[in-house]
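Okay, here's what each chain looks like letter by letter:
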There are 2 protein chains.
Amino acid sequence: MSTASYTVTGMTCQHCVASVTEEISEIAGVIDVAVDLPTGAVTVTSDDEISPDAVRDAVHEAGYQLV
Amino acid sequence: MSTASYTVTGMTCQHCVASVTEEISEIAGVIDVAVDLPTGAVTVTSDDEISPDAVRDAVHEAGYQLV
C-alpha cells in the first residue's frame, strides 16, 4: 500500500473535486482519492507506488494543475 | 417565443454553468439557456413564458441561488 500527497490548483467547487477524483481514480492501482477543496490537497492511496507523471496527466485531463 | 433574464449567484466554474443549464433546460417549453459565468446572467428562451418560480426551483435544484 502506498500513499502520496499532491497539491492541485484551480478547483473552485465540488464539481471540480469530482472531476479530479474521477480522473485520478482511473489510474491503474489507485484505491482511494481524497481531495480537500480549500487547500487543494489531494491524497492518493494505491496498491503500489503511482508515477507522479500519471497523476499530473490525470489532473491536467480534468482541467487543473498540479503544483 | 419568450426570453427572460435572471441572475444566479454561486457559480464558480464551467461545471456550475453546466449544472444550471441542465436543470433549467428540463423545464417544459425551454428552448435555450445561455449562462454568462462572470456576471451570473442567465437568459432563458422558451416557447411560452416560463414561471419564474420554476426557474428558481431549477436553480436551487442545481445548488445555486437566484437573485
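Structural data are supplied above this passage.
Here the structure is a predicted model, which means the values were calculated and not measured.

**Digging into the sheet that holds strand S2 (residues 30-36) of chain B**
Residue and element names in this part refer to chain B.
Part 1 of the argument: With antiparallel pairing, 4 strands are arranged side by side in an open sheet as S2-S3-S1-S4. Because the sheet does not close on itself, it has two edges, and the strands there are S2 and strand S4 (65-66).
Part 2 of the argument: Here 6 bridges tie S2 to strand S3 (residues 41-46), and the two strands are oriented antiparallel to one another. Paired with Asp-36 across the two strands is Ala-41, which belongs to S3.
Part 3 of the argument: Of the strands in this sheet, strand S1 (2-9), S2 and S3 are in contact with helix H1 (residues 14-25), which crosses S2 at around 160 degrees.

**Topic: the pairing of S3 of chain B**
Part 1 of the argument: Alignment of S1 of chain B against S3 of chain B, held across 6 bridges, turns out to be antiparallel. Across the sheet, residue Tyr-6 of chain B finds its bridge partner in S3 of chain B, namely Val-42 of chain B.

**Considerations on the sheet that holds strand S1 (residues 2-9) of chain A**
Residues and elements named next belong to chain A.
Part 1 of the argument: In space, the 4 strands of this open sheet follow the order S2-S3-S1-S4, with antiparallel pairing throughout. On the outer flanks of this sheet lie strand S2 (30-36) and strand S4 (65-66), each paired with one strand and no other.
Part 2 of the argument: Packed onto the sheet, helix H1 (residues 14-25) meets S1, S2 and strand S3 (41-46) and runs at close to 160 degrees relative to S2.

What counts, and at which threshold
- Counting starts from 1 at the beginning of each chain's written sequence and moves along it residue by residue.
- To label them, take the chains in the order written and letter them from A, then take the ligands in the order written and number them from 1.
- With the structure being a predicted model, the display of local features is reserved for residues of pLDDT at least 70 and the display and counting of side-chain atom pairs for 80 or more, all residues being used for whole-chain, interface and lining totals.
- Based on all heavy atoms of the structure, the side-chain values leave hydrogens and waters out of the count.
- Any two strands between which DSSP finds at least two bridges are classified as paired.
- Secondary structure follows DSSP: runs of H or I at least 4 residues long count as helices, runs of E at least 2 residues long count as strands, and numbering of each begins at the N terminus.
- Any pair of residues with heavy atoms lying within 4.5 Å of one another is described as a contacting pair.
- Note on definitions: angles span 0 to 180 degrees between N-to-C directions of axes, and those axes are lines fitted to C-alpha atoms, for helices only across the stretch in contact.

Keep in mind these values describe shape, not function.
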